[in-house]
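# Fold and geometry: a report
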Amino acid sequence: MADSMDCTDIKNIGHLGIICAIFKEYKLIQKIDALLPKTSLNQKISHGEAVLAMIMQGLGYTNHRLYLSKEFFSNLALADLFKPGLEYENFNSSVLSRTLDEIYKYGATNFFSNVCLTTITENNLLEKFLHIDTTSFSVTGKKYKGQGKFNLCHGYSKDYRNDLKQLVYLMVATEDGLPVFSEVHSGNAADSELFEKTLLEVQSKLKDNIENKIFVLDSSLYNKKFLLNKNISGYWISRVPESVKECKNILETDYDDSFWTKEDIDYKYLQIDGIRYGGKLQKWILVRNREAKYKEINTFQKKLDRQEKNIQRAIKKLEKRLFKENIECLEAIRKMRSNYKYFTFTQTVASQHKKVRGTKKKVVIGFKAFLKYKRNESKIKKMKLRKGKFILATNCFNKEVLPSEDILKAYRSRNRSIEGNFKFIKDKSVNLGQIYLKKESRIEAMLMIMGLIIFVNKLAQKKLRSHLQDSKNNTTVPNQLGKPIKNPTFSWASYLLRNINKIRVLSNDIVIDKIHGIGKAQKTIIQAFGSHAEEIYGYP
């Protein structure tokens, strides 16, 4: 007689086992529980486990909201991912919201720094370059009462939603994108003030680890107030705004090709020493981007063509007008000319006469304007020389700490570092950037969870790539085209792990647990995360 075998239960593990393995390896739950201890004996999951649950939702790629947490956990193998005895009802929105409240009470910024910065320093993950930048998050649909530490208000929107109120989210991250520090500010906060304040705060938190660390920022920081601040120590790299006169003059200078040092096929740089601005001696690096130059010149040429058509229409319209006074006519000409700085105009104002019955002479009845124009080639040439160029400034003259070639490399790494983090937050597949919470305090805490989501994502990606690129392993994973690669994103690795399930089978009254969906690529990914991941996935 054949053995009876029935499948009783199927629970998904997917890539969430990797997230749990990261938490176990770096002891993140213990760190969070030490900061936010349980306050009730009836609380079945700790605050550390609640944070892990929210990070799972954020990296689950399911577009679930916080209030749908029970539905998200209803089909997961909770005993393997968390601990035995938990049910999906334990992960309701009320439990997770209480954790957000505790994060706010502790201090959202301090909580984030104590978790991330401690983990980074303990595991020697702090790199030489630290990037600082901000982004904005728009909010809709509710009149907030201003009970948080920041104000939801209108400001410069990086989401291109100037019609909505917003908040500003600041982050400091390493070259690999690991967040070190994050903070929430009012929607109208200026980057220049935030960067200066943050730089001082991060320097105080790093303390013994600040030596030879270099902060990389955009042009918002670069001003005389910052340069004259004696409390700021350490090194920095900043883009110089084109509004600085010295910068403008250098950009408009046509240097011979022999002076440039080639970085790659697109980038060249030229070192300029002895620059003094804001009372500080600095090293400037003039950078030229070949691809950007052609694009910007093409855009500028199209702009000139559009303006020329607009000038023709404006002149035609202006010459039809009859002005009562000569001064009115001249003012109309001045306004039109002010809109087109790359063109020169020659003007004539003629009075218009008309013979009136009973008078021997013609009477002046008004004034008309007549204009001719041509392109200002000298200005256009100077502007074209500026295209595809920018200047980086630094206060580090030590070539051993910061060689000239590393200045440009550090600034270019912003794309994969902090700007990549903001892009990840607002990616539609992750959809973290949409805020649906009602309390400002929970919004602030939730943004710290978003920072932790990035932190875990970057940790997992760094660990996976390090394992694959290690010459001893000689392993790869397939990309979307099936070709072997050694630098996958964690998002792609998560996709490859999506079909791993735990199947519970009842055979002759004996319960048998099986892990289904692990192939060669999945084994390679699991092995990269060590014994904790292998235990969760039951491999080998």
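The preceding data block contains the structure.
Before going into details, it helps to say that this report is about the structure given with it.

## Let's talk about helix 16 (residues 440–469)
Look at helix 16: 43 Å from first C-alpha to last across 30 residues, which is about the 44 Å you get at 1.5 Å a residue. Most of helix 16 is tucked away: 24 of the 30 residues are buried.

## Structural notes on unusual backbone geometry
Backbone geometry at lysine 27 places phi at a positive 55°, although glycine is not the residue there. Along the polypeptide, lysine 27 turns up in the loop between helix 1 (16–25) and helix 2 (28–35).

## A closer look at the packing of helix 1 against helix 19 (residues 530–537)
Direction vectors running N to C along helix 1 and helix 19 enclose 140°, while the axes themselves pass 8 Å from each other. With respect to helix 19, the axis of helix 1 lies oblique. Two packed elements cross with a definite hand, and for helix 1 against helix 19 that hand is right-handed. Packed against helix 1, whose contacting residues are Leu16, Gly17, Ile18, Cys20, Ala21, Lys24 and Glu25, the element helix 19 presents His532, Ala533, Ile536 and Tyr537 at the interface. In terms of residue class, the contact of helix 1 with helix 19 is made up of seven nonpolar, two polar and two charged.

## Some words on a positive patch on the surface
Residues Lys248, Lys302, Lys303, Arg306, Lys341, Lys379 and Lys382 make up a contiguous surface patch of positive charge. Looking at the positive patch, the elements that each hand over two or more residues are helix 11 (290–320) and helix 13 (377–386). The dominant element in the positive patch, judged by the number of residues it contributes, is helix 11, at three residues.

## Here's the deal with the pairing of strand 8 (residues 267–277)
The side chains of a regular strand alternate, residue by residue, between the two faces of the sheet. Inspection of the sheet shows strand 7 (residues 261–262) paired to strand 8 by two bridges, in the antiparallel sense. Residue pairing for strand 8: threonine 261 is matched across the bridge by tyrosine 269. The sheet contact formed by strand 8 and strand 9 (residues 280–289) spans nine bridges and is antiparallel. Its bridge partner lying in strand 9, tyrosine 269 is registered against valine 287. Linking strand 8 to strand 9, which pair antiparallel, is a turn of two residues; within it glycine 278 sits at a positive phi near 65°.

Thresholds applied
Residues numbered from 1 in each chain as written. Predicted model: local features only at pLDDT ≥ 70, side-chain atom pairs only at ≥ 80, totals over all residues. Heavy atoms only, no water. Helix = DSSP H or I, 4+ residues; strand = E, 2+ residues; numbered from the N terminus. Expected span 1.5 Å × (residues − 1). Buried < 20%, exposed > 50% of the residue type's maximum accessible area, 1.4 Å probe, protein only. Axes fitted to C-alpha atoms, helices over the stretch in contact; angles between N-to-C directions. Parallel < 35°, antiparallel > 145°, perpendicular 65-115°, else oblique. Left-handed = near helix turned anticlockwise from the far one by under 90°. Contact = heavy atoms within 4.5 Å. Nonpolar A, V, L, I, M, F, W, Y, C, P; charged D, E, K, R; others polar. Patch = residues over 30% accessible without salt bridge, like charges linked within 9 Å, V, L, I, M, F, W, Y side chains within 5 Å. Areas by Shrake-Rupley, 256 points an atom, 1.4 Å probe, with all protein chains shown as cover. Salt bridge = Lys/Arg side-chain N within 4 Å of Asp/Glu carboxyl O. Lys, Arg positive; Asp, Glu negative; His and termini not counted. Charge placed at Lys NZ, Arg CZ, Asp CG, Glu CD. Pairing = 2+ DSSP bridges.

Any functional reading would require information beyond the geometric quantities listed.
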